[in-house]
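Fold and geometry: a report
Here is what each chain is made of, one letter per residue.
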Protein chains: 2
Amino acid sequence: MLKEDLNLPKALEEIARDVEPVLYDALAENASQEFQEVLLHPVKAGGKRIRPAVLMLSCEAAGGDPEAALNAAAAIELVHNYTLIIDDIIDHGEFRRGVPTLWKKYGLTMAILAAVHYREVVSELLLKSKNSVRLLSIVDSYIMRLVEGERLDVLFEQVGREDDPYIAEHRRISVSFDDYVDMVTRKTSSLYEASAMMGAVEAGAGENIIEAFRGFGLNLGVSFQIVDDLLDLFGSPSETGKQVGKDIVEHKLGNMLILKGLERMNGENKSFFLSVLRSRQASQEDLDKALSILARTGVKENAVREAWLFSEKAKSMLTVVPDSKAKRLLLDLADYVVYRSK
Amino acid sequence: MLKEDLNLPKALEEIARDVEPVLYDALAENASQEFQEVLLHPVKAGGKRIRPAVLMLSCEAAGGDPEAALNAAAAIELVHNYTLIIDDIIDHGEFRRGVPTLWKKYGLTMAILAAVHYREVVSELLLKSKNSVRLLSIVDSYIMRLVEGERLDVLFEQVGREDDPYIAEHRRISVSFDDYVDMVTRKTSSLYEASAMMGAVEAGAGENIIEAFRGFGLNLGVSFQIVDDLLDLFGSPSETGKQVGKDIVEHKLGNMLILKGLERMNGENKSFFLSVLRSRQASQEDLDKALSILARTGVKENAVREAWLFSEKAKSMLTVVPDSKAKRLLLDLADYVVYRSK
């Protein structure tokens, strides 16, 4: 039971403290000593643990006992880490949460094997629930959606991966805002939807309540991704633990600010920005200049507003859910997602 | 119900014909049109479909209706293909079943995303069974075993992957036959054990019968791998669809013939063989000479004998299972595994 005076940061901390041992034990349990070092690297690097928080709070807001949802909460955090391990391989990402990524530290082979192991630990944890069949089915379908989102994200890149005939052939030259939202609901909302739904399922909620939580997760996810796009370009690297402008370096049109910013540029600025976006090896100077052109389009304010709209929509989904401390924390979380700096 | 005059090749064909549409549909069902081409490539390339046959025949031999095990059979073939996609990435394998491997044809990104999708389709299929929780739990634990086997196989390589500090640090300089069997029971037996057990579970068999099938799968898997090791070195590439001596090129001490052959070599032959095994880029001439040195140790005959012993042990596990056409086909399969040429 959550204390009435608990604020969101404290609640996130408490949930992380409860979930982490479950997650560590599950990862280590079926692995040789020698492999554990590799397996624990990604989760030891930290993370905001927002998805398990959404799951636990959704469970309690839907009238359930969050204790019973601990395994599912650990599972969804592992799904998230599973997708990050893979994402870093695909995007050649070298740092995350301020430390080397798994493939960078232990090599591609061990990173792939660890990813496969993560996925099995997810099932192990979910099989412990009395709602295991439903939970597994949710996780299943949302991981498939996520794969499609990831695939689209890659196809939205404007250059690169030339040794990849499939990507060259299927690359999207123009991307609309609707295409972007469709990609993002797959790539990012999937795990928020799954988290919120799983919490409600563990609470034994009815289908209309589960559906309300799904809608909350869906919109929260879009909001989250828009802010991620913003932080990628204008965040503080000491807070995000990531390289500034990574999405430009990776030629991504699947970043809301790049997409909308380009619509607002013209003439020399637009050509210059596009040349940097398509450059195989942009200099720091060119990257900085591109970022300042982008900032001047006012797209930062536009992004905050869009994130806020999705966040408000997420909150509105929960009107069918009775008031409770847990529900209020979920509403706070929807605000936090918009105004976070990391 | 299997016809009395059905022989093993016909039975394998019939099972493949029944399982393949299930597997194709399941892969395509939750994927965009554009992604289906990628997803279907590995399964379209063919394969012996031995694991689904083990599953279906085990189900019938344990008194069940093999029709009810079709989804599980398709699932286990997809697990197998999932591991092959990953194996080819890890080992940089460019050809399999006579066609380019998935990463080679569509690039690393699409291959990894396809692998993730495969794993989810496996769960989807297993969730359709009334024994889904048990089946999912079997698949889970055996995939984790398989990961550990794959990890050991890589650590048994004698050179290479120098950009991989973890592998350099943990590499096994000496490997005993027991180490080899331990690695192989993880890497290869896992899916045979899972197949045989899942068939018995789908038949509603008791725990002692499920355990008998597990033992059958375990020993069949070791036999299968020893013959795979043999075919890698001395098979006909037109039959196997693989490059001859790939395990030497990949510096693998985790091949029974290389392991046992080295024990029987001495002097110049041994130094020469080791130099080829450890060579970063062996010439075809050196590879041929190494293979002929290996052949002269008599290790081929030794391997056939070991494979036969494991196969006999597999068969003996089924003595507790009553006679039936399906059981006799499983016994035939244990013989086929030893004497196959592809």
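In what follows, the accompanying structure is described. The shown structure was predicted, so the numbers you read here are calculated from the model rather than taken from an experiment.

Another aspect to go through is the overall build of chain A. When you go through chain A residue by residue, the secondary structure sums to 16 helices and two strands. Computed over C-alpha atoms, the radius of gyration of chain A comes to 20 Å, within 12% of the 20 Å expected from 2.2 N^0.38 for 342 residues, which places it in the range of a compact globule. Buried residues in chain A amount to 63% of all 342 residues. Of the roughly 13000 Å² of accessible surface on chain A, a fraction of 50% belongs to carbon and sulfur atoms.

A few words now on the nonpolar core. In terms of nonpolar packing, the biggest core is built from 184 residues, with A:F35, A:M198, A:F213, B:F35 and B:M198 touching the most fellow members. Those residues within four positions of B:M198 in sequence are excluded, and the remaining contacts are B:L55, B:A72, B:I76, B:L126, B:L135, B:I138 and B:V139.

Residues and elements named next belong to chain B. Phi is positive for H92, which is not a glycine, with a value near 55°. At H251, a residue that is not glycine, the phi angle is positive and equals roughly 60°. With respect to the helices and strands, H251 occurs in the loop between α11 (246–249) and α12 (256–264).

All names here are of chain B. For E202, the position within the fold is in helix α8 (residues 177–202). As a buried residue without a salt bridge, E202 has its nearest oppositely charged side chain in K130, at a separation of 5.3 Å. Among all residues touching E202, those that are not within four sequence positions of it are C59, A68, A69, A72, S129, K130, N131 and L135.

Let us look at the interface of chain B and chain A. On the chain A side, the residues contacting the 47 residues of chain B number 48 residues. Summing both partners gives a buried area of about 4100 Å² for chain B against chain A, and 66% of it is carried by carbon and sulfur. Considering only the surface of chain B that becomes buried against chain A, B:E34, B:E120 and B:M144 emerge as the three largest contributors, covering 16% of it. There are six salt bridges connecting chain B and chain A. With its nearest N and O atoms 3.4 Å apart, the salt bridge here joins B:R172 to A:E34. Counting across the interface, chain B meets chain A through 21 residue pairs in polar contact (both at pLDDT 80 or more). Those elements that place two or more of their residues in the side of chain B that touches chain A are α2 (33–44), α4 (70–90), α5 (102–126), α6 (132–155) and α7 (165–170) of chain B. Counting residues per element, the side of chain B that touches chain A draws most heavily on α5(B), at 15 residues.

Below, the discussion takes up the relation of the copies chain B and chain A. Turning one copy of the chain about an axis and sliding it along that axis gives the other copy, so a rotation and a shift relate them. For the match of chain B to chain A, the screw axis carries a shift of 0.0 Å, the RMSD comes to 0.0 Å, and the turn is 180°. What the rotation and shift describe, once combined, is the action of a two-fold rotation axis. The rotation axis passes nearest to the C-alpha of B:V133 in chain B, at a distance of 3.5 Å. Taken as a fraction of all interface residues of chain B, those also at the interface in chain A reach 100%, which identifies the copy contact as same-surface.

Here we take up the pattern of salt bridges. Per the stated rule, a full pass over the model turns up 54 salt bridges over all chains. Between A:E120 and B:R119 there is a salt bridge, with the nearest N and O atoms lying 2.6 Å from each other. In this pair, A:E120 sits in helix α5 (residues 102–126) while B:R119 sits in helix α5, so the two residues belong to two different chains. Relative accessible area serves as the criterion here: at 0%, A:E120 is assigned to the buried category. Salt-bridge contacts for B:R134 lead to B:E207; the nearest nitrogen and oxygen are separated by 3.0 Å. Of this pair, B:R134 sits in helix α6 while B:E207 sits in helix α9 (residues 207–234), placing them 73 residues apart in sequence. Here the salt bridges share partners, and the residues they tie into one network are A:D91, A:D153, A:E157, A:R161, A:K187, A:K246, A:E250 and A:K252.

Residues and elements named next belong to chain B. Between its first and last C-alpha atoms α8 spans 35 Å; for 26 residues at 1.5 Å apiece the expected length is 38 Å, and the two agree. S189 marks where α8 bends most, by close to 60°. G204 sits one or two positions beyond α8 and adopts a positive phi of about 75°.

Time to look at the environment of A:I293. All names here are of chain A. Of note, I293 is situated in helix α14 (residues 284–296). Through-space distance from the C-alpha of I293 to that of L262 is 9.8 Å; in sequence the pair is 31 residues apart. Once residues within four sequence positions are removed from consideration, I293 is found in contact with M265, N269 and F272.

For the rest of this paragraph, the subject is the packing of aromatic side chains. Counted by the stated rule, this structure contains six aromatic pairs over all chains. Between A:Y166 and B:Y106 the ring centres are 5.7 Å apart and the planes differ by 80°, which places this aromatic pair in the edge-to-face class. Separated into two different chains, A:Y166 in helix α7 (residues 165–170) and B:Y106 in helix α5 make up a pair that spans both. The burial state of A:Y166 is the same as that of B:Y106; both residues are buried. Geometrically, the ring pair formed by B:F177 and B:Y180 is stacked, given 5.8 Å between the ring centres and 15° between the ring planes. Note that B:F177 and B:Y180 are positioned in helix α8 at a spacing of three residues, about one turn of the helix. Its guanidinium or amino end placed over the ring of A:F177, A:K260 lies 4.4 Å from that ring's centre, counting from NZ or CZ. Here B:K289 stacks its cationic end above the ring of B:F272, 4.1 Å away from the centre of that ring.

Next up on the list: α2(B). Look at α2(B): 16 Å from first C-alpha to last across twelve residues, which is about the 16 Å you get at 1.5 Å a residue. Residues of α2(B) that are buried include every one of B:F35, B:Q36, B:V38, B:L39, B:L40, B:H41, B:P42 and B:V43, and no others. Residues of α2(B) that are buried sit in contact with α6 (132–155) and α7 of chain A together with α1 (8–29), α4, β2 (99–100) and α5 of chain B. Count one or two residues on from α2(B) and you reach B:G46, which has phi positive near 95°.

Conventions and cut-offs
Residues numbered from 1 in each chain as written. Chains lettered and ligands numbered in written order. Predicted model: local features only at pLDDT ≥ 70, side-chain atom pairs only at ≥ 80, totals over all residues. Heavy atoms only, no water. Helix = DSSP H or I, 4+ residues; strand = E, 2+ residues; numbered from the N terminus. Rg over C-alpha atoms; globule rule 2.2 N^0.38 Å. Buried < 20%, exposed > 50% of the residue type's maximum accessible area, 1.4 Å probe, protein only. Areas by Shrake-Rupley, 256 points an atom, 1.4 Å probe, with all protein chains shown as cover. Core = buried A, V, L, I, M, F, W, Y, C linked by side-chain atoms within 4.5 Å. Contact = heavy atoms within 4.5 Å. Lys, Arg positive; Asp, Glu negative; His and termini not counted. Salt bridge = Lys/Arg side-chain N within 4 Å of Asp/Glu carboxyl O. Buried area = accessible area lost by both parts, 1.4 Å probe. Polar contact = N/O pair within 3.5 Å; in protein donor to acceptor, adjacent residues only side chain to side chain. Least-squares fit on C-alpha atoms with pLDDT ≥ 70 in both. Expected span 1.5 Å × (residues − 1). Bend = angle between axes of the 7 residues up to and from the residue. Phe/Tyr/Trp six-rings, centres within 6.5 Å; stacked < 30°, edge-to-face > 60°. Lys NZ or Arg CZ within 6 Å of the ring centre and 35° of its normal.

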